[in-house]
Amino acid sequence: MIHVEELQKQFGDLTAVGGVSFEARPGSIFGLLGPNGAGKSTTINCISGLLKPSAGRVSVMGHDVATDGPASRRQLGVVPQELALYEDLSARENLGYWGAAYGMRGDRLKRRIKEVLELTGLQDRAKEAVKNFSGGMKRRLNFACGIVHEPKALLLDEPTVGVDPQTRVRLLELVRSETDNGACVLYTTHYMEEAEAICDDLAIIDHGLIIAAGTLKELRAMMGERDLLRLTGTFEPNQVMEGIARLEDAELVQAEADTLTLSLANASARLSTVFQILNDAGSDIRETTLTQPSLESLFIKLTGKELRE
Amino acid sequence: MRFVWSTALKDWQRHRRDPVGLLMWIGIPILIGSLIIMASGGRGGVEPKVQLLVADVDDSFVSNALVAAMGQMGGLIETEPVTREDGQKIMDDGKASALLVIPEGFGLAFLEEKPTTLELLTNPSQQILPGIAEETLSILVDASFYAQRLVGEDLQSFAQGPSGGANTFPDTDIMQFSSKVNRIVDNVSNYLSPMIIALEKEPVVEPEDDDDDDINISLLFLPSILFMSLLFMAQGIALDLWTEKDQMTLRRVVTTPQNTVRFLSGKLLGGAGVMAMVCSITLIIGYAYFDLRLASLPLAILWSTLSGVLLMNLMMVIQVHAASRRGAGILTTAILFPLMMVGGSFFPFEAMPPWMVTFGKLTPNGWALSQLKLILFDDMTLTGLGKAFTGLVLVVAVLFAATARRLRSGFAQG
Ligand SMILES: Nc1ncnc2c1ncn2[C@@H]1O[C@H](COP(=O)(O)OP(=O)(O)OP(=O)(O)O)[C@@H](O)[C@H]1O
Ligand SMILES: [Mg+2]
C-alpha cells in the first residue's frame with residue numbers, strides 16, 4: 001500500500017506538487033496521468049526518499065517515509081524515468097549490485113537475476129557491457145533493476161518512454177504480472193492508451209494538483225456520454241457562446257479566437273447543426289476533430305488543453 | 001557492511017573494464033621513475049639506445065641547448081645532426097627511432113614566449129624507443145618552460161641583441177646573468193643537473209657531476225613519484241562521484257534502504273584497493289632497486305595507501321561541493337598542481353628552497369610524504385608512527401563526514 005496525504009513539494013518559489021492525496025492498493029495499478037511538468041516525477045521522488053516533501057505524509061506498506069525511511073525503502077522497487085545503470089558493467093552485474101543493495105545474496109539472488117533477465121528478454125546479452133545495449137534494452141534493464149528484489153510496492157516513472165511497440169507490450173505485461181503477484185504499483189505516464197489499458201485506478205494531475213481521480217469507469221462517467229469536438233479557424237468567442245447556449249445537451253469547454261472546444265452528446269449526428277450555428281456566429285472553420293469519450297477528452301475538458309504537446 | 005563490500009567490488013569491476021586508465025595509474029610512476037634513474041646515470045648495465053636524428057633548422061642557442069640536453073639523458077639517447085631531407089630518408093628506411101625537427105625561429109619564439117611547435121617523427125616499427133624519445137622531449141620542454149620562468153627575462157634581453165649598437169654584451173650583464181643562473185642551479189642542481197646544466201653549459205657553468213650521489217637522488221624521487229601518482233589517482237577516483245551522479249546511479253542508491261555513508265565507504269575501499277596495488281608495485285620495485293631494508297616494506301605500503309585514502313577524501317570533499325562536473329575537474333586540478341609542486345610530490349623536498357619546504361610539509365601530501373620517507377629510511381619511531389596514524393585518521397574522519405553530509409543533502413538530487 002502506498003499512501004500519500006496532502007503531499008507538497010516546493011522548489012524555491014515553484015510549487016511542483018501542491019497538496020496531492022491518493023492511495024495505491026496491493027494487487028492493483030494506480031496511474032498518475034499528466035502532461036510534462038505536472039509533478040509526476042516529483043511525487044514519485046518524494047515517495048522513494050530521493051526528495052524530502054515540503055509538507056504532507058507519505059507511507060509505504062505502513063512505514064512512514066519521513067520517520068522510518070530505510071524500512072519504507074526496503075519495500076519499494078523504483079524504476080526511475082531516467083536510466084540509472086552502470087554503463088561499464090554487464091546486465092548481470094548491474095542486477096547483482098542492486099539486488100545486494102536490498103540485502104539479497106547467494107543462490108536466491110542468482111536465481112532471481114536469471115528470472116528477471118528472462119522476463120525482460122535480456123538473457124542472451126546478460127554478460128555484455130550495458131554501454132553496448134540499444135536504448136530499448138537499457139529501458140528493459142532499468143526496469144529489471146527495479147524489480148530484482150521482488151518489491152511489495154513499485155514506483156514506475158514513465159517506464160515505456162522511447163521503446164518499440166513490442167517492448168512496450170512486454171513491459172506492460174510485466175507490470176501486470178507483478179500486480180497479479182500482489183504488488184502495489186504506482187505508474188506515471190502521459191500516454192492515455194497506456195493508462196486506459198493497464199490502470200485500475202487513476203488520478204489526472206496538472207500543475208501539481210489532482211484534477212480528477214477514480215476508477216477508469218468513474219472517470220469515463222465524468223465525461224458523460226458526450227463527445228468532444230475541437231475546432232480550429234477564426235471565431236468570435238462572444239457570439240459563439242450565445243449560439244452554443246441555444247444548443248441542447250452541449251457545453252462550451254474553451255473558446256478563443258483560433259480554437260474552440262465543445263462537449264456535446266451524439267456529436268457526429270449533429271455536426272451540420274453545429275456548423276450552421278457557428279457560421280451564423282461569424283466563424284470560419286478550417287479543421288474539425290471529433291473525439292469519443294476517453295481520458296484524453298476528459299483531460300481536455302478539465303484543463304482546456306491537450307495532454308501531449 | 002556487506003553493501004560496503006559490494007560497492008567496492010562493483011568499483012573494482014569498473015576499474016578493471018578500463019585497463020588503459022589502470023595502466024596509466026601504474027605505468028606513469030614507473031615510467032617517470034625509470035626516466036629519472038636513466039637520466040641520472042642509473043646503476044650501469046647495458047641500456048637500449050634511442051637513435052634520435054635532429055634536424056636543427058633553427059640552429060639557435062635554445063635549440064642547441066635542447067639537443068644537448070636530449071643527448072645527456074643518461075646516455076640513453078644518441079643524437080645525430082642531419083638535414084631535414086636526409087633525416088626523412090633515414091626514417092623512411094627505418095634506420096632510426098625518431099626524427100626531431102626544430103623549426104626556424106624556434107629559439108626566438110621560445111624566448112619571447114610565443115607558441116612554437118616541435119615536430120617529432122617516430123618510427124612505427126619500434127615501439128618503446130620512440131616513446132622514450134617523445135617522453136624525454138616533453139619533460140625537457142616542461143623543464144625549459146620552468147627555466148624560462150626563472151631566467152626568461154634575462155634570456156629575452158640577450159635574444160634581442162646587445163643594446164646601443166654594440167657588438168657584444170657588456171661584461172656586467174653577462175656576470176649578473178651568470179651569477180643568477182649559478183644561484184638557481186645551486187638550488188636545483190641536485191635533481192635537475194643533467195637538464196639545467198645542458199642548458200647552461202655553453203655560456204656559463206661547468207657541469208658538476210658527482211656520480212656517487214646518483215642513487216640517493218633517484219631514491220629521493222621514489223616517494224615523490226608515488227605521491228604524484230596518488231594525487232592523480234585520488235582526483236580520478238573522486239571524479240567518479242560525478243560519474244555516479246551523472247549516470248543517475250547515485251540517485252538509485254538513495255532510493256535503496258542503504259545509506260550514503262556505506263556507499264561512500266565502499267567507494268573509498270574500492271579506491272584504496274586500487275591504490276594499494278599501485279603502491280605495492282611501485283614500492284616493491286623501488287625496494288628491490290635501491291636495496292632497502294625489506295622489514296619496512298609492509299608499513300610503507302600501508303602508510304602510502306592510507307595517504308592515498310586521505311588525498312581521495314580531500315578530492316572528494318572538493319568535488320561534491322562544486323557546481324558541475326567540469327567545475328569539479330577545474331577546481332581539483334587547480335589544487336592538485338600546487339599541492340604536487342609545493343608538497344614535494346614532483347621534485348623532492350631536498351631540492352627545494354627551505355621556506356618552501358616548511359610550507360610544503362604543511363600540505364596533506366607533503367606531510368604524509370615526509371612520514372613515508374621516515375619509514376623508508378628506517379627513521380620512524382613508534383611514537384611518531386602512532387601520532388602520524390592518529391592524525392591521518394582524524395583528518396580522514398572529518399573530510400569523510402563532510403562528503404557524506406553533502407551526498408545526503410542534495411548532491412544526489414541536484
Ligand atoms: N530539482 C528541481 N529543482 C527545481 N525545479 C524542479 C526540480 N525538479 C522538478 N522541478 C520542477 O517541478 C515541476 C514538476 O516537474 P516533474 O519532473 O515532477 O514533472 P513530470 O510530471 O514528471 O514531467 P515529465 O512528464 O516531463 O517527466 C516542473 O516545473 C519542474 O521544472
Ligand atoms: Mg517526470
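Residues numbered from 1 in each chain as written. Chains lettered and ligands numbered in written order. Predicted model: local features only at pLDDT ≥ 70, side-chain atom pairs only at ≥ 80, totals over all residues. Heavy atoms only, no water.

A.B. asks: How should I be thinking about the overall build of chain A in this particular structure?
C.D. replies: A tally of helices and strands in chain A yields 11 helices and 14 strands. Every one of the 309 residues in chain A was classed for burial, and the buried ones make up 53%. At a minimum sequence separation of 6, the contacts of chain A that also span at least 24 residues come to 69%. Positive and negative side-chain charges of chain A, numbering 34 and 44 respectively, have mean locations separated by a distance of 9 Å. (Helix = DSSP H or I, 4+ residues; strand = E, 2+ residues; numbered from the N terminus. Buried < 20%, exposed > 50% of the residue type's maximum accessible area, 1.4 Å probe, protein only. Contact = heavy atoms within 4.5 Å. Lys, Arg positive; Asp, Glu negative; His and termini not counted. Charge placed at Lys NZ, Arg CZ, Asp CG, Glu CD.)

A.B. asks: Mind showing me how you'd approach the sheet that holds strand S3 (residues 29-33) of chain A here?
C.D. replies: Within a sheet, adjacent strands bond to each other through the backbone by hydrogen bonds, running parallel or antiparallel. All names here are of chain A. Sheet architecture is open: six strands sit in the order S6-S7-S8-S3-S9-S10, paired in mixed fashion. Unpaired on one side and paired on the other, strand S6 (76-79) and strand S10 (209-215) mark the two borders of the sheet. With strand direction ignored, the average angle separating the axes of adjacent strands in the sheet is 15°. Pairing between S6 and strand S7 (residues 153-157): four bridges, direction parallel. (Pairing = 2+ DSSP bridges. Axes fitted to C-alpha atoms, helices over the stretch in contact; angles between N-to-C directions.)

A.B. asks: Looking at this structure, how should I read the side chain of Arg-140 of chain A?
C.D. replies: Residues and elements named next belong to chain A. Assignment of secondary structure puts Arg-140 in helix H5 (residues 135-147). Here Arg-140 is buried and forms no salt bridge, its nearest opposite-charge partner Asp-164 lying at an N-O distance of 6.0 Å. There is a polar contact of 3.1 Å between the side chain of Arg-140 and the backbone oxygen of Thr-120. (Salt bridge = Lys/Arg side-chain N within 4 Å of Asp/Glu carboxyl O. Polar contact = N/O pair within 3.5 Å; in protein donor to acceptor, adjacent residues only side chain to side chain.)

A.B. asks: What is the right way to read the coordination of the magnesium ion (ligand 2) from this model?
C.D. replies: Geometrically, a metal with four donors at the corners of a regular tetrahedron has ideal angles of 109.5 degrees, and one with six donors at the corners of a regular octahedron has ideal angles of 90 or 180 degrees. Residue and element names in this part refer to chain A. Protein-derived ligands of the magnesium ion (ligand 2) are Ser-41 (OG) and Gln-81 (OE1), with the metal-ligand distances lying across 1.9 to 2.1 Å. Linking Ser-41 in helix H1 (residues 40-48) with Gln-81 in the loop between S6 and helix H3 (91-101), this pair joins segments that are 40 residues apart in sequence. For Ser-41, a relative accessible area of 21% translates into the label partly exposed. (Donors = N, O, S within 2.8 Å, 3.2 Å for Na, K, Ca; no water.)

A.B. asks: Please explain a nonpolar patch on the surface as it appears in this structure.
C.D. replies: Residue and element names in this part refer to chain A. A cluster of nonpolar side chains, namely Leu-209, Ile-211, Met-222 and Leu-302, defines an oily patch on the protein surface of about 300 Å² accessible area. Position of Leu-209 among the secondary structure elements: in strand S10. Residue class for Leu-209 comes out partly exposed when judged on its relative accessible area of 41%. (Patch = residues over 30% accessible without salt bridge, like charges linked within 9 Å, V, L, I, M, F, W, Y side chains within 5 Å. Areas by Shrake-Rupley, 256 points an atom, 1.4 Å probe, with all protein chains shown as cover.)

A.B. asks: Mind showing me how you'd approach the confidence of the model for chain B here?
C.D. replies: Residue and element names in this part refer to chain B. Averaged over every residue, the pLDDT of chain B is 78; residues scoring 70 or more account for 71%. Within chain B, helix H7 (residues 171-200) has the poorest average pLDDT of any element, 49, and helix H11 (residues 297-319) the best, 95. With pLDDT under 50 throughout, residues 43-47 is counted as low confidence; its partners more than four residues away or in other chains account for five contacts. Note that residues 188-215 has pLDDT below 50 and, in this model, 40 contacts with residues that lie over four places away or in other chains. Taken together, the chains of this predicted complex give a pTM of 0.71 and an interface ipTM of 0.82. (pLDDT = per-residue confidence, 0-100.)

A.B. asks: Looking at this structure, how should I read the interface of chain A and chain B?
C.D. replies: Bring the parts together and some accessible area is lost; that lost area is often taken as the interface size. On the chain B side, the residues contacting the 29 residues of chain A number 22 residues. Across the chain A/chain B interface, buried area totals approximately 2,400 Å², and carbon plus sulfur atoms make up 57% of it. Three residues, Leu-50, Tyr-86 and Tyr-97 of chain A, lead the burial of chain A against chain B; their summed loss comes to 28% of the area buried on that side. The interface formed by chain A and chain B holds two salt bridges in total. At the surface where chain A touches chain B, the tally comes to 12 residue pairs in polar contact (both at pLDDT 80 or more). (Buried area = accessible area lost by both parts, 1.4 Å probe.)

A.B. asks: Before we go on, may I ask you to explain the pairing of strand S2 (residues 14-24) of chain A in this structure?
C.D. replies: For a regular strand, side chains alternate in direction, first toward one face of the sheet and then toward the other. Residues and elements named next belong to chain A. Examined bridge by bridge, strand S1 (residues 2-11) and S2 share eight bridges and lie antiparallel to one another. Following the sheet pairing, Ile-2 is matched in S2 by Ala-24. Count of turn residues in the S1/S2 antiparallel hairpin: two residues, of which Gly-12 carries a positive phi of about 60°.

A.B. asks: It is not clear to me how the domain arrangement of chain A should be interpreted in this structure. Could you clarify?
C.D. replies: Under the domain assignment, chain A is made up of domain 1 (2-219) and domain 2 (225-292). If you average the C-alpha positions of domain 1 of chain A and of domain 2 of chain A, the two centres end up 40 Å apart. (Domains from an automatic or database assignment.)

A.B. asks: Looking at this model, I keep getting lost on the site of ligand 1. Mind explaining?
C.D. replies: Residues and elements named next belong to chain A. Neighbouring ligand 1 are 13 residues, the closest being Gly-37, Lys-40, Ser-41, Thr-42 and Gln-81. In this structure, an oxygen atom belonging to ligand 1 sits 3.1 Å away from a main-chain N or O atom of Ala-38. Ser-41 places a polar side-chain atom, nitrogen or oxygen, 2.7 Å from an oxygen atom of ligand 1. With the chains in place, 63% of the 630 Å² that ligand 1 exposes on its own is no longer accessible. With three residues, H1 is the single largest residue contributor to the shell around ligand 1. Looking at the shell around ligand 1 residue by residue, the class counts come to five nonpolar, six polar and two charged. (Near = heavy atom within 4 Å. Nonpolar A, V, L, I, M, F, W, Y, C, P; charged D, E, K, R; others polar.)

A.B. asks: How should I be thinking about unusual backbone geometry in this particular structure?
C.D. replies: Glycine aside, negative phi is the norm for most residues, and most peptide bonds take the trans geometry. A positive phi angle is found at His-207 of chain A, which is not glycine, with a value near 50°. Among the structural elements, His-207 of chain A can be located in the loop between strand S9 (201-206) and S10. Of the residues examined, His-207 of chain A reaches a relative accessible area of 60% and is grouped as exposed. If you check the backbone angles, Asp-291 of chain B has positive phi at about 55° while not being a glycine.

A.B. asks: Please clarify how the state of the cysteines should be interpreted in this entry.
C.D. replies: Covalent bonding between the sulfur atoms of two cysteines is what defines a disulfide. Residues and elements named next belong to chain A. Inspection of the entire model under this criterion finds zero disulfides over all chains. Of the cysteine sulfurs around Cys-46, a residue in no disulfide, the closest is that of Cys-184, at 17 Å. With relative accessibility at 0%, the residue Cys-46 sits in the buried group. (Disulfide = S-S within 2.5 Å.)

A.B. asks: For this particular structure, what's the right way to read the pattern of salt bridges?
C.D. replies: Two side chains carrying opposite charge are able to pair once their charged atoms lie near each other. Here the structure, examined in full by the defined rule, presents 24 salt bridges over all chains. Close ionic contact of Arg-17 of chain B with Glu-93 of chain A constitutes a salt bridge, the shortest N to O distance being 2.8 Å. Here the residue Arg-17 of chain B occupies a position in the loop between helix H1 (2-16) and helix H2 (19-39), and Glu-93 of chain A occupies one in helix H3, the pair thus bridging two chains. When its relative accessible area of 19% is taken as the criterion, Glu-93 of chain A is described as buried. Here Asp-200 of chain A and Arg-176 of chain A are joined by a salt bridge, their closest N and O atoms 3.1 Å apart. Taken together, the positions of Asp-200 of chain A in the loop between helix H7 (192-198) and S9 and Arg-176 of chain A in helix H6 (residues 165-180) put the pair 24 residues apart, joining distant regions of the chain.

A.B. asks: Explanation requested: the packing of aromatic side chains in the structure shown.
C.D. replies: What characterises a pair of aromatic rings is the spacing of the ring centres plus the angle enclosed by the ring planes. One pass over the full model with this rule turns up 12 aromatic pairs over all chains. Residues Tyr-86 of chain A and Trp-98 of chain A carry aromatic rings whose centres are separated by 5.9 Å and whose planes lie at 15° to one another, so their mutual orientation is stacked. Linking Tyr-86 of chain A in the loop between S6 and H3 with Trp-98 of chain A in helix H3, this pair joins segments that are 12 residues apart in sequence. Aromatic pair Tyr-97 of chain A and Trp-98 of chain A: ring centres 5.0 Å apart, planes at 65°, arrangement edge-to-face. These aromatic residues form a ring-pair network of at least three members: Tyr-86, Tyr-97 and Trp-98 of chain A together with Phe-3 of chain B. (Phe/Tyr/Trp six-rings, centres within 6.5 Å; stacked < 30°, edge-to-face > 60°.)

A.B. asks: Can you help me understand the environment of Val-357 of chain B in this one?
C.D. replies: Structurally, the position occupied by Val-357 of chain B is in helix H13 (residues 354-360). Residues Val-357 of chain B and Ile-30 of chain B, spaced 327 residues apart in sequence, show a C-alpha to C-alpha distance of 25 Å.

A.B. asks: Just to check I follow, could you spell out the sheet that holds strand S14 (residues 284-291) of chain A for this structure?
C.D. replies: Residue and element names in this part refer to chain A. The antiparallel open sheet is built from four strands, whose spatial order is S12-S13-S11-S14. Both outer strands of the open sheet, strand S12 (250-255) and S14, are each paired with one neighbouring strand and no more. In this sheet, neighbouring strand axes are inclined to one another by 20° on average, regardless of whether the strands run parallel or antiparallel. The pairing of strand S11 (residues 226-234) with strand S13 (residues 259-265) spans seven bridges and is classified as antiparallel. Paired with Asp-227 across the two strands is Leu-264, which belongs to S13.

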